[in-house]
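Descriptive analysis of the structure
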Amino acid sequence: MKRIEVKLSLPVVAPLLDVIKQLADGLGKDLAVPFSLGDLDPDFRDAWMAELLAAQGDDVRALLALFDDEFFADGVIAFDASNAEPVLRACSAVRLRLREKCLGVLGDDALESSDLDIEAMDEQVRKAFMCYLFLATIQELIIQHLDSSILES
Amino acid sequence: MAHEDPHGLPESESATALATEGVWRVVVLNDPVNLMSYVVMVFKKVFGFDEPKARRHMLEVHEQGRSVVWVGLREKAEAYVFTLQQWHLTAVLEPDEAH
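About the cut-offs
- Residues numbered from 1 in each chain as written.
- Chains lettered and ligands numbered in written order.
- Predicted model: local features only at pLDDT ≥ 70, side-chain atom pairs only at ≥ 80, totals over all residues.
- Helix = DSSP H or I, 4+ residues; strand = E, 2+ residues; numbered from the N terminus.
- Buried ≥ 20, exposed ≤ 12 C-beta atoms within 10 Å, placed from the backbone.
- Contact = placed C-beta atoms within 7 Å.
- Pairing = 2+ DSSP bridges.
- Axes fitted to C-alpha atoms, helices over the stretch in contact; angles between N-to-C directions.
- Expected span 1.5 Å × (residues − 1).
- Arc of directions from axis to C-beta.
- Nonpolar A, V, L, I, M, F, W, Y, C, P; charged D, E, K, R; others polar.
- Parallel < 35°, antiparallel > 145°, perpendicular 65-115°, else oblique.
- pLDDT = per-residue confidence, 0-100.
- Core = buried A, V, L, I, M, F, W, Y, C linked by C-beta atoms within 7 Å.

1. Re the overall build of chain B
Within chain B, the secondary structure is distributed over four helices and three strands. Put simply, chain B has 99 residues, and 30% of those count as buried. Taking contacts inside chain B between residues at least 6 apart in sequence as the whole, the part at least 24 apart equals 62%.

2. Things to note about the sheet that holds strand β3 (residues 90–95) of chain B
Residues and elements named next belong to chain B. In spatial order, the strands read β2-β1-β3; together these three strands make up an open sheet with antiparallel pairing. The open sheet has two edge strands, β2 (66–73) and β3, and neither has a second partner. On average, each strand axis in the sheet is tilted by 25° relative to the strand beside it, whichever way the strands run. When strand β1 (residues 23–29) meets β3, the two strands line up antiparallel, connected through six bridges.

3. Description of helix α3 (residues 51–64) of chain B
All names here are of chain B. The terminal C-alpha atoms of α3, which comprises 14 residues, lie 19 Å apart, in line with the 20 Å expected from a rise of 1.5 Å per residue. Every buried residue belonging to α3 is among Ala54, His57, Met58 and Val61, and all of these are buried. Projected down its long axis, α3 carries its buried residues within an arc of 100°, all on one side. Exposed side of α3, more than 90 degrees from the buried face: Pro52, Glu63 and Gln64 are the residues found there.

4. With respect to the interface of chain B and chain A
On the chain A side, the residues contacting the 21 residues of chain B number 26 residues. Taken together, the elements giving at least two residues each to the side of chain B that touches chain A come down to α2 (36–47), α4 (74–86) and β3 of chain B. The residue inventory of the side of chain B that touches chain A, partitioned by class, reads twelve nonpolar, six polar and three charged.

5. Quick word on the packing of helix α2 (residues 42–65) of chain A against helix α4 (residues 84–101) of chain A
In a packed pair of helices, the relevant descriptors are the angle between the two axes and the axis-to-axis distance. Residues and elements named next belong to chain A. The N-to-C vectors of α2 and α4 enclose an angle of 100°; their axes lie 8 Å apart at closest approach. Viewed along their axes, α2 and α4 adopt a mutual orientation that is roughly perpendicular. Between α2 and α4, the residues in contact are Gln56, Asp58, Asp59, Val60, Ala62 and Leu63 and Pro86, Val87, Arg89, Ala90, Cys91 and Ala93, respectively. Taken together, the residues of the contact of α2 with α4 sort by class into eight nonpolar, one polar and three charged.

6. Let's talk about the environment of Gly38(A)
Residue position: Gly38(A) is located in the loop between α1 (10–26) and α2. In this structure, the C-alpha to C-alpha distance between Gly38(A) and Pro15(A), residues 23 residues apart in sequence, is 39 Å.

7. Here we look at the confidence of the model for chain B
Residue and element names in this part refer to chain B. For chain B, the mean per-residue pLDDT works out to 85, and 79% of the residues sit at or above 70. Ignoring residues within four places in sequence, the model shows residues 1–9, a span with pLDDT below 50, making eleven contacts including any to other chains. ipTM for the predicted complex: 0.92, alongside a pTM of 0.88.

8. Some details on the packing of helix α6 (residues 123–152) of chain A against α2(B)
One way to put it is that α6(A) packs onto α2(B) with a least axis distance of 10 Å and a crossing angle of 10°. As judged from the angle between their axes, α6(A) and α2(B) are roughly parallel. Mapping the contact onto sequence places Gln139(A), Glu140(A), Ile143(A), Asp147(A), Ile150(A) and Leu151(A) in α6(A) and Ser37(B), Tyr38(B), Met41(B), Lys44(B) and Lys45(B) in α2(B). Here the contact of α6(A) with α2(B) is built from residues that sort into five nonpolar, two polar and four charged.

9. With respect to the nonpolar core
Ranked by size, the top nonpolar core spans 49 residues in total, and within it Val87(A), Val94(A), Cys131(A), Val39(B), Val42(B) and Phe43(B) carry the most contacts. Within the residue set of this core, elements represented by two or more residues are α1, α2, α4 and α6 of chain A together with β1, α2, α3 and α4 of chain B. Tallying contributions element by element places α4(A) first for this core, with nine residues. For Val42(B), the contacting residues outside a window of four places in its chain are Trp87(B) and Leu89(B).

The structure is reproduced here in structure tokens:
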């Protein structure tokens, strides 16, 4: 099984985990993207939303599980076919929530282009934006190295 | 009291049946958050698109704000929207007026 290990800088990443954990709590209660099938039978709709919410919670737990004791000992996180998909989805969910809760001040056009002056941001926004970029980097790494594993699963 | 149509269905049930029959489009809408590479990967994974087709749809979403990624019966269209929602893409269903 293909596996990738990434060594991260603990002093840089550890402060970002607080932001991720705060947002992860909210993702246990609300979907990152509002449910769009409004005309479904109400019972069916409720069942689907509950299923989506449970899956979203599982994905976020897989993301948080990367930052275990091993990570705090040597700064290493690892991906393989067993956690690549949930981590990818969780990164997307947290990034969507970061945009909604913390990065609205930047504007969508700037956020989409990532052409932003980090030094000009206040500390809270800067931390949230660094987290946003960090999660994107994780996604890029997984897609670059485990794309075939994901497609075959 | 609901009126009945000539086929014996109450009016409200008939309307519901019409709304869920026919051909529907799965439309993916743009968002400023998800990475292009992520959207391409999801299209390949969910719809079995090859790389060029997945990239073409992703660029359509990015540049035009939306892309019709699948057309067919309502039940399967709903399942695709559900799966896209699991991947946190914004997708909606539209009736396909051409059918």
